[in-house]
Amino acid sequence: MKTATFQPYTLIFKTPGGTSRGVMHTKETYLLTIQEDDKKGIGECALFRGLSSDDIPEYEEKLQWLCENIHQDFDFLKEHLRAFPSIWIGYEQALNNLHNGGDIYFHSEFTSGHKAIKINGLIWMGDEAFMQKQIEEKLDLGFDCIKLKIGTHWAAEKQILKNLRNEYPAEKLEIRVDANGAFTFDEAKIVLEELASLNIHSIEQPIKAGNISKMRELCLAPATPIALDEELIGVTKISEKEQLLETIRPQYIILKPSLAGGFSGCDEWISIAERLKINWWITSALESNIGLNAIAQYTFTKNNPLPQGLGTGALFTNNFESSLILTGDLLQKKV
């Protein structure tokens, strides 16, 4: 018979992480453990305060409900947890780990140590010197695709991008930017043109989520390709996912499994996107090494050739031990 427990855990940033929504010093998360006979599975319910659609006061009550109903079947639980993507992915992870053992969530050539996942290098917001230092570190490591957070001081950020592009042409370095909804519609139109002059690969969420008609207008013939990110959060039913993508028709969607309905929810997004000829990649969302390990294993199984937006587990002072290692821009699993 299955039993389950959960415990909260607070991750502490080594260096505060800057985004257009503010600076992060800590990150809350929850660990879910499922036991059956002598087997145990662990998963991470990576609640993202202020961003997760399930960031509600009753969050721990819902986790307790899951623990009390852990014996129920998969489809029953999925229907009851559809509005709680970070809890659902913790359940999916713990269940997979229960079945596979060790630190395995999805068996593949990645988990056997034979293949790796190419990732982009993430550059956090800060003053020009801080951002420049991060960029140099990533380039020294061998990254040829980096992503910069923008939207706090666009003039300074634009200058950094210009300097970067002057030194590294587009065929040598792919540059993605993430605005986290920082621009107004009118600002976004100008920014898209300015980014195009610098051969920027794409911009994530140029305007705030929820402005469907405005986002559709931006995506019709953008100077710079647009990727939806926050726009996907809280959209849980397949019919709603289809309607959103068919209406906006973005060039890309960015899938954060902890925010986008877990692994099964991402499978739905991917199926719809591929039918509509919309490209996609997967991004982690400040999970601990437990969730990151599971998400990396899932990502490999999707066979996406683009650089993925996975973390490396190096952001926190009190992270859990990990078997993931970074060699250049390749994320690998030690065996």
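Sequence order as written defines the numbering, with residues in each chain counted from 1. The predicted nature of this model means local features are confined to residues of pLDDT at least 70 and side-chain atom pairs, given and counted, to a pLDDT of 80 or more, with totals for whole chains, interfaces and linings taken over all residues. Hydrogens and water molecules were not included; the side-chain quantities draw on all heavy atoms of the structure.

An unreviewed UniProt entry annotates the protein as O-succinylbenzoate synthase of Bergeyella porcorum.

## Section: the overall build of the protein
For the record, the criterion: Labels follow the DSSP assignment, with helices taken as runs of H or I lasting at least four residues and strands as runs of E lasting at least two, numbered in each case from the N terminus. Radius of gyration: C-alpha atoms only; globule rule: 2.2 Å multiplied by the number of residues to the exponent 0.38. In this scheme, a residue with accessible area under 20% of its type's maximum is buried, one over 50% is exposed, and one in between is partly exposed, where area comes from a 1.4 Å probe on protein chains only. Working rule for contacts: check all heavy atoms of both residues, and any pair within 4.5 Å makes them a contact. Note that accessible areas follow from Shrake-Rupley with a 1.4 Å probe, and for residues the cover is restricted to the protein chains shown.
A count of helical and extended segments in the protein gives ten helices and 13 strands. Against the 2.2 N^0.38 benchmark of 20 Å for 335 residues, the protein shows a C-alpha radius of gyration of 20 Å, consistent with a compact globule. In the protein, buried positions account for 52% of the 335 residues. Nonlocal contacts in the protein, meaning residues at least 24 apart in sequence, comprise 69% of its contacts between residues at least 6 apart. Taken as a whole, the protein presents about 14,500 Å² of accessible surface, with 50% of it coming from carbon and sulfur.

## Things to note about helix α8 (residues 238-248)
To keep things clear, this is the line we draw: Comment: arc refers to directions from the helix axis out to C-beta atoms.
Buried within α8 we find Lys241, Leu244, Leu245 and Ile248. In an axial view of α8, the angular spread of the buried residues amounts to 90°, which keeps them on one side of the axis. Residues of α8 that are buried make contact with α7 (212-220), β9 (226-228), β10 (252-255) and α9 (262-275). Arg249 sits one or two residues past α8 and shows a positive phi near 55°.

## Details of the pairing of strand β11 (residues 279-282)
For a regular strand, side chains alternate in direction, first toward one face of the sheet and then toward the other. Convention followed: The pairing criterion is simple: DSSP has to find at least two bridges between the two strands. We call a crossover right-handed when, viewed with the strands running away from us, the connection from the first strand over the helix to the second turns clockwise.
With four bridges connecting them, β10 and β11 associate as parallel partners. Pairing of Ile254 across the sheet is with Trp281, part of β11. For the segment spanning β10, α9 and β11, crossover handedness is right-handed.

## Brief notes about the packing of α7 against α8
The test is simple: Structural elements are reduced to axes, namely lines fitted to C-alpha atoms, with helices fitted over the stretch in contact, and the angle between N-to-C directions of any two is expressed from 0 to 180 degrees. The cut-offs work like this: below 35 degrees is roughly parallel, past 145 is roughly antiparallel, 65 to 115 is roughly perpendicular, and the gaps in between are oblique.
Where α7 meets α8, the axes come as close as 8 Å, and the angle between the chain directions of the two elements is 45°. If you check the angle between α7 and α8, you find them oblique. Across the interface between the two elements, Ile212, Met215, Arg216 and Cys219 of α7 pack against Leu244, Glu246, Thr247 and Ile248 of α8.

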